[in-house]
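Each chain, letter by letter, is given below.
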Amino acid sequence: VIVDVNTEVQSPAGGRTELEVNLAGQRIVKPVTLNAGLNVVRARVTIRQPKLWWPNGHGAQPLYPLVVRVAGDEVRKCIGLRTIEVINVEDKRGLSMTFRVNGRDIFCKGANWIPCDAMPQRQTRAVYDDLLESARQVHMNMLRVWGGGQYERDDFYELCDEKGLLVWHDFMFSCALYPATRDFLDNVRQEARHQVKRLQTHACLALWCGNNEDVGALTWFKESREQRDRYLVDYDRLNEGVLGAAVDECDPTRKFWPSSPCGGRGDYSDCWHADNRGDMHYWSVWHEGKSFDAYYAVSPRFCSEFGYQSFPSLDLIRQYAPRDQFNVTAPIMEWHQRHPRGNSIITEMFSRYFRMPDGFENFVYLSQVQQALAIKTAVEHWRRLAPTCMGTLYWQLNDNWPVCSWASVEYGGKWKLLHYAAKKFYAPTIVTAFQKDGIVEVWVASDVPVKGTVVAEIRNFTGKVVRRMRLPVRRAGLVKKWKVTDPTSTFLQLSFNGATNTVTTAVSDWILSHDQPNGAPTAVTRMSSSAR
């Protein structure tokens, strides 16, 4: 690997000095002459038999210390050696979106990241480390830094480097229309160039994205609907003219993705409801109140936002609410719910999948069960669609205050049930079953080549095995399908035993097997195996 080290030096008067670079056991010293003002001095280091950096679950994350000294100043960094490409290819379904690291196509598994605390002084390295370790432990390999948040401290990116968490990075523009005056664009240009230069040495950084949902915002406001051409030009001046230009100039090895969601540069189409181009945000289940099986109706190329809410734990609720407020409609409960219909949406969905819980404690618990079921339904379905779909980032990993929200890790770091479920549905290899119109399909999805055997057992309610099948698995994909003969009085249990390049362990979950009245597909059961 050839590493080109480019160092910017501001010199008040110029003069002669030395550039010293220390990397991978090599020390290079060369004389340089500085001019007054901004200088760029360069050195090249060749690393033989390099140790490559990989995303979590695909290999190790070796980091090389890099020390650069010039004109009495010193910079220290740790760099990872890897190639990363974002593959966008026109195909029969539309436009693909695949992250390719060191030549290997990676199914991106993760969540969206928001600032870890509303109070900046509480955003410590220990808090970052705890949250990012929670992501790593459930097999996540990517986080999306949301454009409504902030450029994070160095600690965040350093820890992502160490833990193998790829970073999809929005610029800090979100859900709004922005001006395109000369002064504003000049200010943004300085911000963008500074942040790109600051962060571009991190191995974890996978993609620069111009904004969150600003293309959609063109249709949200009366002014932009009536003068779309004007506001589209303003959008393009900011997004392509400033942000895209900053990436193209300062970090040309990385992809600039104009917006999330979108279909790439020059594409201003609807990626909230069209699932065939680039990345998609799918919110029909939460915002529109569709049932969980609505996830089966879409086949995104990459779903970078989708989510469902739950309450935090009773332990956290007790920190902000007295016991006489333990009611879903109490003022404090409504205040600690940042969606105007959030508590009503949660309650209404109970009536579709469960009986109404008895008491507030059961309400809180069942809300977390329901959230886990929602996200599990989406992820398991979309993982089996690979390579058509090559990424799922649910909304969201974390909270920045104690609140009822879409997070899988509540404020303070405690895991919700969704996060425990994520450890299973994001496992390296999972086995899933789907039922539609009286037909059961068994699928295997895997991050790595897989061989083994699925054991499918149909049991009655006494636990007696009515039918047992041993299904050979030679690759990921559809394993077998068959017609259900007695769907209302039997269970289906799946277990998987096999080996990839590591040993796997099988764990089974049980779900009642039946068709829904409307014939929509229903998840039957799922087993996930964890590679250790």
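Residues numbered from 1 in each chain as written. Predicted model: local features only at pLDDT ≥ 70, side-chain atom pairs only at ≥ 80, totals over all residues. Heavy atoms only, no water.

## Thoughts on the overall build of the protein chain
A count of helices and strands for the protein chain gives eleven helices and 28 strands. Relative to the 2.2 N^0.38 estimate, which gives 24 Å for 532 residues, the radius of gyration of the protein chain is 25 Å and therefore close to what a compact globule would have. Each principal axis of the C-alpha distribution contributes one length, and for the protein chain these read about 85 × 55 × 50 Å. Here the protein chain, with 532 residues, has 55% of them falling under the buried criterion. If you take every contact in the protein chain between residues at least 6 apart in sequence, the share linking residues at least 24 apart comes to 67%. Split by element, the accessible area of the protein chain, about 23,600 Å² in all, is 50% carbon and sulfur. Here the protein chain holds 65 positive side-chain charges and 58 negative ones, and the gap between their average locations is 7 Å. (Helix = DSSP H or I, 4+ residues; strand = E, 2+ residues; numbered from the N terminus. Rg over C-alpha atoms; globule rule 2.2 N^0.38 Å. Buried < 20%, exposed > 50% of the residue type's maximum accessible area, 1.4 Å probe, protein only. Contact = heavy atoms within 4.5 Å. Areas by Shrake-Rupley, 256 points an atom, 1.4 Å probe, with all protein chains shown as cover. Lys, Arg positive; Asp, Glu negative; His and termini not counted. Charge placed at Lys NZ, Arg CZ, Asp CG, Glu CD.)

## Considering the sheet that holds strand β3 (residues 26–34)
Taken in spatial order, the four strands of this open sheet run β3-β2-β5-β6, and their pairing is antiparallel. Edge positions in the sheet fall to β3 and β6 (73–79), since each of these pairs with one other strand and no more. In this sheet, adjacent strand axes meet at a mean angle of 15° when their direction is disregarded. As paired strands, strand β2 (residues 15–23) and strand β5 (residues 64–70) are joined by five bridges and run antiparallel to one another. Along β5, the bridge assignment pairs Val-21 with Val-68. (Pairing = 2+ DSSP bridges. Axes fitted to C-alpha atoms, helices over the stretch in contact; angles between N-to-C directions.)

## Brief notes about the packing of aromatic side chains
Both the distance between ring centres and the angle between the ring planes are used here to describe each pair of aromatic rings. Summed over the entire model, instances satisfying the criterion amount to 31 aromatic pairs. Residues Phe-311 and Phe-363 carry aromatic rings whose centres are separated by 5.5 Å and whose planes lie at 85° to one another, so their mutual orientation is edge-to-face. You can see Phe-311 sitting in the loop between β18 (303–305) and α7 (314–320) and its partner Phe-363 sitting in helix α10 (residues 360–384), a full 52 residues away along the chain. Each of the two residues, Phe-311 as well as Phe-363, counts as buried. (Phe/Tyr/Trp six-rings, centres within 6.5 Å; stacked < 30°, edge-to-face > 60°.)

## Digging into the nonpolar core
The tendency in soluble globular proteins is for nonpolar side chains to be buried as a group. Of all hydrophobic cores here, the largest spans 109 residues; its most connected members are Phe-99, Trp-113, Met-140, Phe-171, Ile-317, Trp-382 and Tyr-394. Looking at this core element by element, the count peaks at ten residues for α10. Sequence-distant contacts of Trp-382, that is, excluding residues within four places in its chain, are made with Phe-107, Tyr-282, Tyr-295, Val-298, Pro-300, Cys-303, Phe-306, Cys-389 and Thr-392. Counting residues in hydrophobic clusters, the runner-up holds 18 residues, among them Val-21, Val-32, Val-70 and Leu-81. (Core = buried A, V, L, I, M, F, W, Y, C linked by side-chain atoms within 4.5 Å.)

## What about the environment of Arg-474?
Turning to its location among the elements, Arg-474 is positioned in the loop between β23 (465–473) and β24 (477–483). Distance from Arg-474 to Thr-329, taken between C-alpha atoms, is 52 Å for residues 145 residues apart in sequence.

## A word on helix α3 (residues 182–199)
Working note: α-helix, 3.6 residues per turn, so residues spaced by three or four point in the same direction. Here α3 spans 26 Å end to end across 18 residues, near enough to the 26 Å set by a 1.5 Å rise per residue. Every buried residue of α3 is listed here: Leu-185, Val-188, Ala-192, Gln-195, Val-196 and Leu-199. Here the buried residues of α3 occupy an arc of 100° about the axis, which is enough to place them on one side. Counted as exposed and oriented over 90 degrees from the buried face of α3: Arg-182, Asp-183 and Gln-190. For α3, the elements touching its buried residues are α2 (154–163), β14 (166–170), β15 (205–209) and α6 (228–250). (Expected span 1.5 Å × (residues − 1). Arc of directions from axis to C-beta.)

## A few points about the environment of Ala-294
Assignment of secondary structure puts Ala-294 in the loop between β17 (280–281) and β18. As for Ala-294 and Asn-141, which are separated by 153 residues in sequence, their C-alpha atoms are 26 Å apart.

## Examining the state of the cysteines
Under the defined criterion, the tally for this structure stands at zero disulfides. Cys-78 takes part in no disulfide bond, and the closest cysteine sulfur, belonging to Cys-204, lies 12 Å away. Residue Cys-78 is classed as partly exposed on the basis of its relative accessible area, which comes to 41%. Cys-303 supplies the cysteine sulfur nearest to Cys-389, a cysteine that is in no disulfide, at a spacing of 7.2 Å. Overall, the relative accessible area of 0% leaves Cys-389 in the buried class. (Disulfide = S-S within 2.5 Å.)

## Here's the deal with the layout of surface pockets
If you add up the space inside the largest pocket, you get close to 1,500 Å³. Lining of the largest pocket is provided by 43 residues; of these, Asp-4, Val-5, Asn-6, Gln-200 and Thr-201 occupy positions nearest its centre. At the level of elements, β1 (2–11), β4 (37–46), β5, β6, α3 and α6 are the ones that each hand at least two residues to the lining of the largest pocket. Residue classes in the lining of the largest pocket are distributed as 19 nonpolar, ten polar and 14 charged. Considering only enclosed or pocket space, the second largest pocket measures out at about 740 Å³ in volume. (1 Å grid on protein atoms, 1.4 Å probe; cavity = no way out; pocket = protein on both sides within 12 Å on 5 of 7 lines; lining within 4 Å. Points joined across faces, edges and corners; volume = space filled by probe spheres on them. Nonpolar A, V, L, I, M, F, W, Y, C, P; charged D, E, K, R; others polar.)

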